[in-house]
Amino acid sequence: MSAEFRTPLSRARGLGSAKHGATHWVAERVSAIALVPLVLWAVFGVIRLAAGDYGVAVDWVGQPLNAVLLVLLVAVAFWHMATGVRVIIEDYIHKMLTKTALLLANMFIAVLAGGLAIFSILKVALGGAL
């Protein structure tokens, strides 16, 4: 049968499950929901720290709750960013070699930048920044 006479459903059959993208979609939404209270907490903290100096900021990051929440904020934010960029690359880049290179770069950049940020937070929180 000619492709021009086929319905959209018949052309889509056999191309794989339509449920594959649901995992990415749910992961993006869960991370976005987790970011809401973390970002609100961070904005409130930054506003409170704006009047202080470096020592006040180091003391604030040195508090265990603040350090843990900062690490969670960075980890969830970089995961959310990497997931979103991954979906964009998969949807809009069609050449396999380019897509693979961009997906690898996305993963490495997110892990490297997130790891450096978490390391910096832990260094300050554990007293190595003075």
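Residues numbered from 1 in each chain as written. Predicted model: local features only at pLDDT ≥ 70, side-chain atom pairs only at ≥ 80, totals over all residues. Heavy atoms only, no water.

As recorded in an unreviewed UniProt entry, the protein chain goes by the name Succinate dehydrogenase hydrophobic membrane anchor subunit, listed as coming from Phenylobacterium conjunctum. According to the UniProt record, the Function (unreviewed entry) comment for the protein chain is "Membrane-anchoring subunit of succinate dehydrogenase (SDH)." (UniProt positions renumbered as here; feature names shortened; annotations may be inferred.)

On inspection of all chains with the given rule, the structure shows one aromatic pair. Seen from their ring centres, W41 and W60 are 5.3 Å apart, and the 20° between their planes marks the pair as stacked. On the criterion of sequence distance, the pair formed by W41 in helix α2 (residues 22-49) and W60 in helix α3 (residues 54-62) is long-range, its members being 19 residues apart. Like W41, the residue W60 is buried in the burial classification. (Phe/Tyr/Trp six-rings, centres within 6.5 Å; stacked < 30°, edge-to-face > 60°. Helix = DSSP H or I, 4+ residues; strand = E, 2+ residues; numbered from the N terminus. Buried < 20%, exposed > 50% of the residue type's maximum accessible area, 1.4 Å probe, protein only.)

Evaluation of the coordinates by the stated rule reveals two salt bridges. Taking the shortest distance from any N to any O, the salt bridge between E28 and R29 comes out at 3.0 Å. Look at E28 and you get buried, because its relative accessible area is 15%. One salt bridge connects R86 with E90, and the closest N-O pair in it is separated by 2.9 Å. Linking R86 with E90, this pair stays in helix α4 (residues 64-92), spanning four residues, or about one helical turn. Residue R86 is classed as partly exposed on the basis of its relative accessible area, which comes to 37%. (Salt bridge = Lys/Arg side-chain N within 4 Å of Asp/Glu carboxyl O.)

Taking 1.5 Å per residue as the helical rise, α2 with its 28 residues ought to reach 40 Å, and the 40 Å between its terminal C-alpha atoms agrees with that figure. At L35, α2 shows its maximal bend, which comes to roughly 30°, and the proline P37 appears one to four places after that position. Burial in α2 covers these residues: H24, A27, E28, S31, L35, L38, W41, A42, G45 and L49. The inward-facing, buried residues of α2 contact α3 and α4. (Expected span 1.5 Å × (residues − 1). Bend = angle between axes of the 7 residues up to and from the residue. Contact = heavy atoms within 4.5 Å.)

Residues L104, M107, F108 and V111 make up a contiguous nonpolar surface patch of about 410 Å² in total accessible area. For V111, the location among the structural elements is in helix α5 (residues 96-125). The exposure class assigned to V111 is exposed, which follows from its relative accessible area of 59%. (Patch = residues over 30% accessible without salt bridge, like charges linked within 9 Å, V, L, I, M, F, W, Y side chains within 5 Å. Areas by Shrake-Rupley, 256 points an atom, 1.4 Å probe, with all protein chains shown as cover.)

Moving on, we get to α4. Between its terminal C-alpha atoms α4 stretches 42 Å, which fits the 42 Å expected from 29 residues at 1.5 Å a residue. Turning to α4, its buried residues number three or more, namely N66, A67, L69, L70, L73, V74, V76, A82, T83 and I89. On its buried side, α4 packs onto α2, α3 and α5.

This part covers the confidence of the model for the protein chain. Chain-level statistics for the protein chain give a pLDDT mean of 90 and a share of 90% at 70 or above. The spread of mean pLDDT over the elements of the protein chain runs between helix α1 (residues 8-12), the lowest at 74, and α5, the highest at 97. (pLDDT = per-residue confidence, 0-100.)

Next up on the list: the environment of L104. Relative to the helices and strands, L104 resides in helix α5. With 93 residues separating them along the chain, L104 and R11 place their C-alpha atoms 31 Å apart.

A word on the UniProt feature "transmembrane region" (unreviewed entry) in the protein chain. Residues annotated by UniProt as "transmembrane region" (unreviewed entry) correspond here to residues 30-47, 67-89 and 101-122. The span residues 30-47 is 100% helical and 0% strand by assignment, and the distance between its end C-alpha atoms comes to 26 Å. Secondary structure within residues 67-89 divides into 100% helix and 0% strand; the distance between the first and last C-alpha atoms comes to 33 Å.

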